[in-house]
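Working through the structure, step by step
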Amino acid sequence: MRRPNRGIALMTALFFMVFLLVIGLTFMTLMEQDYRFAGNQERSHQAYFLAQAGLDYYKARASTFTPGGTPVEFGLPEGDAVHRFKVWVEADLTVRSTGMIKDAYGNIKAQRTLVVPQGNFGAMYDAG
């Protein structure tokens, strides 16, 4: 005499394992996205603070800059190829400072630009 429910335990266990696998993969995918987002945010903040460092550099050496002159680019620490800022003064005396995070190949991973219209630091804004 055969039982009508034979193998139901095996099917239930397989279904449960597949369900757990799907939940686990979903969780791992969400964690990876979160990790990447956090990394992008960190690089963006670093670029912002590098742009701030560029403005501080300008404030300390304002007399060495000429309006419409070539941008000055430095790494922090000095000579660093990854963490860089670039500062320049436009013809209308607007000061721009760009902070950049680069990868090992020189590709820009994050960039932020701070703009000081006509040298008025009270009106400074973040151009992104």
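Just above, that's the structure.
Residues numbered from 1 in each chain as written. Predicted model: local features only at pLDDT ≥ 70, side-chain atom pairs only at ≥ 80, totals over all residues. Heavy atoms only, no water.

Some remarks on the packing of aromatic side chains
- Under the criterion given, the structure shown has seven aromatic pairs.
- Ring geometry for Tyr-57 against Phe-74: centres 4.8 Å apart, planes inclined by 50 degrees, an arrangement best described as tilted. A residue pair is termed long-range when its members are at least 10 positions apart, and Tyr-57 in helix α1 (residues 8-60) and Phe-74 in strand β1 (residues 72-75) qualify at 17 residues.
- Overall, Tyr-57 belongs to the buried group, its relative accessible area being 18%.
- Taken together, the ring pairs connect Tyr-57, Tyr-58, Phe-65, Phe-74, Phe-85 and Phe-121 into an aromatic cluster.
- Over the ring of Phe-121 we find Lys-59, and its NZ or CZ is 4.7 Å from the ring centre. (Phe/Tyr/Trp six-rings, centres within 6.5 Å; stacked < 30°, edge-to-face > 60°. Helix = DSSP H or I, 4+ residues; strand = E, 2+ residues; numbered from the N terminus. Buried < 20%, exposed > 50% of the residue type's maximum accessible area, 1.4 Å probe, protein only. Lys NZ or Arg CZ within 6 Å of the ring centre and 35° of its normal.)

Focus: the nonpolar core
- Within the largest apolar cluster, 15 residues are counted, with the highest numbers of intra-cluster contacts made by Tyr-58, Phe-65, Val-87 and Val-95.
- Going through the elements one at a time, α1, β2 (83-89), β3 (95-102) and β4 (108-116) are the ones with two or more residues in this core.
- For this core, the element with the most residues is α1, which contributes six residues.
- Other than its neighbours up to four places away in sequence, Phe-65 contacts Tyr-57, Tyr-58, Val-72, Val-87 and Val-89. (Core = buried A, V, L, I, M, F, W, Y, C linked by side-chain atoms within 4.5 Å. Contact = heavy atoms within 4.5 Å.)

Regarding the side chain of Asp-103
- Position of Asp-103 relative to the elements: it lies in the loop between β3 and β4.
- Buried within the structure, Asp-103 lacks any salt-bridge partner; its nearest side chain of opposite charge belongs to Lys-109, at an N-O separation of 4.1 Å.
- Here the side chain of Asp-103 touches Asn-107 through a polar contact of 2.8 Å, landing on its backbone nitrogen. (Lys, Arg positive; Asp, Glu negative; His and termini not counted. Salt bridge = Lys/Arg side-chain N within 4 Å of Asp/Glu carboxyl O. Polar contact = N/O pair within 3.5 Å; in protein donor to acceptor, adjacent residues only side chain to side chain.)

Describing the pattern of salt bridges
- Applying the stated criterion across every chain yields a total of five salt bridges.
- Between Arg-84 and Glu-73 there is a salt bridge, with its nearest N and O atoms 3.0 Å apart. Separated by 11 residues along the polypeptide, Arg-84 in strand β2 and Glu-73 in strand β1 bring together distant segments of the chain.
- The exposure class of Arg-84 is buried, given its relative accessible area of 16%.
- With a closest N to O distance of 2.3 Å, Arg-112 and Asp-126 form a salt bridge. Here Arg-112, found in strand β4, pairs with Asp-126, found in strand β5 (residues 125-126); they are 14 residues apart in sequence, far enough to count as distant.
- For Arg-112, a relative accessible area of 18% puts it in the buried group.
- Judged by relative accessible area, Asp-126 falls into the partly exposed class, the value being 33%.
- Through salt bridges with shared partners, a single ionic network connects Glu-73, Arg-84 and Lys-102.

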